[in-house]
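Each chain, written out:
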Amino acid sequence: MIEEEAEPEPRVSTKIIGITGGIGSGKSTVSKYIEEAGFPVYYSDIRAKTIVNDNTQLQQQIKELLGENAYDSSGLYDRKYVSKMIFEDEEILLKLNSLIHPAVKIDFENWVTQQSSVFVFKETALLFELKLNESCYKSILVTADDNCRLKRVMDRDDKTYREVEAVMNKQMPEKDKIKFADFVIFNNDGLEELKENTLQVINDLKESLK
Ligand code: ATP
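Quick look at the structure, then. Keep in mind that what you see is a predicted model, and the values were worked out from it rather than measured. (Residues numbered from 1 in each chain as written. Predicted model: local features only at pLDDT ≥ 70, side-chain atom pairs only at ≥ 80, totals over all residues. Heavy atoms only, no water.)

### A short note on the pairing of strand S5 (residues 183-186)
Turning to step 1, where the next piece is worked out: Residue alternation in S5 divides its side chains into a buried set, Phe183 and Ile185, and an unburied set, Val184 and Phe186.
Turning to step 2, where the next piece is worked out: As paired elements, strand S4 (residues 138-143) and S5 share four bridges and run parallel to each other. Its bridge partner being in S5, threonine 143 is matched across the sheet by phenylalanine 186. (Buried < 20%, exposed > 50% of the residue type's maximum accessible area, 1.4 Å probe, protein only. Helix = DSSP H or I, 4+ residues; strand = E, 2+ residues; numbered from the N terminus. Pairing = 2+ DSSP bridges.)

### A closer look at the pattern of salt bridges
Turning to step 1, where the next piece is worked out: Summed over the entire model, instances satisfying the criterion amount to 18 salt bridges.
Turning to step 2, where the next piece is worked out: A salt bridge links lysine 84 to glutamate 88, with the shortest nitrogen-to-oxygen separation between them at 3.4 Å. Residue lysine 84 and its partner glutamate 88 are located together in helix H4 (residues 79-88), separated by four residues, close to a single helical turn. Judged on exposure class, the residue lysine 84 and its partner glutamate 88 are both exposed.
Turning to step 3, where the next piece is worked out: Of the charged contacts in the structure, one is a salt bridge between glutamate 207 and lysine 210, with a shortest N-O distance of 3.0 Å.
Turning to step 4, where the next piece is worked out: Given the relative accessible area of 79%, lysine 210 is considered exposed.
Turning to step 5, where the next piece is worked out: Each member of the salt-bridge network shares a partner with another, and the members are Glu129, Asp146, Arg149, Glu174 and Lys177. (Salt bridge = Lys/Arg side-chain N within 4 Å of Asp/Glu carboxyl O.)

Here's what the structure looks like:
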């Protein structure tokens, strides 16, 4: 008897979902709820902080751009020193980003290959600014009124109104981000509502595959 060859399982392609929002919007909180629901989340900012220390090629490029002092005596990225250089020279910031962003992109792509979930999420403050949404299946914007975000960040980081406002003013306005987003989670209310709305978006994403 000839044994029938089993049909290969069709490979389900991974769907990347971008999560974004301005300072204090609640994107990290939403990402935690998504992780709790069983989905993997890549935190771009946290990964970038690791990569500047772990990726030797990037380390070399940063030293070429900013000098050896970009790393301290124990070989760790000197955030304070770099921040000062960036603050004084916008062009250096652009050059530094042109080194870090591609390295994060490669790191993310490697990370995706290690995930077995259909949906994988990427949290980044710059989803629309860097057009990263173009390589996403869907995008989620977490947003809240400016005053609400200001107060939350002042409480969280012990920062002044002016300090938070300065960061906010440099970011893409929320009203522009809304135009690009597939899902918008408004986060002016409590955490319970935020969780509920996040779970609703997860449901909608699942439905979108049917
Ligand atoms: P950042 O861009 O600054 O990293 P974020 O968008 O990741 O901020 P979170 O860190 O999730 O924002 O939220 C900012 C602060 O507000 C946190 O301390 C968080 O616990 C708090 N927060 C978020 N949403 C709510 C809410 N609905 N009610 C009360 N506090 C909230």
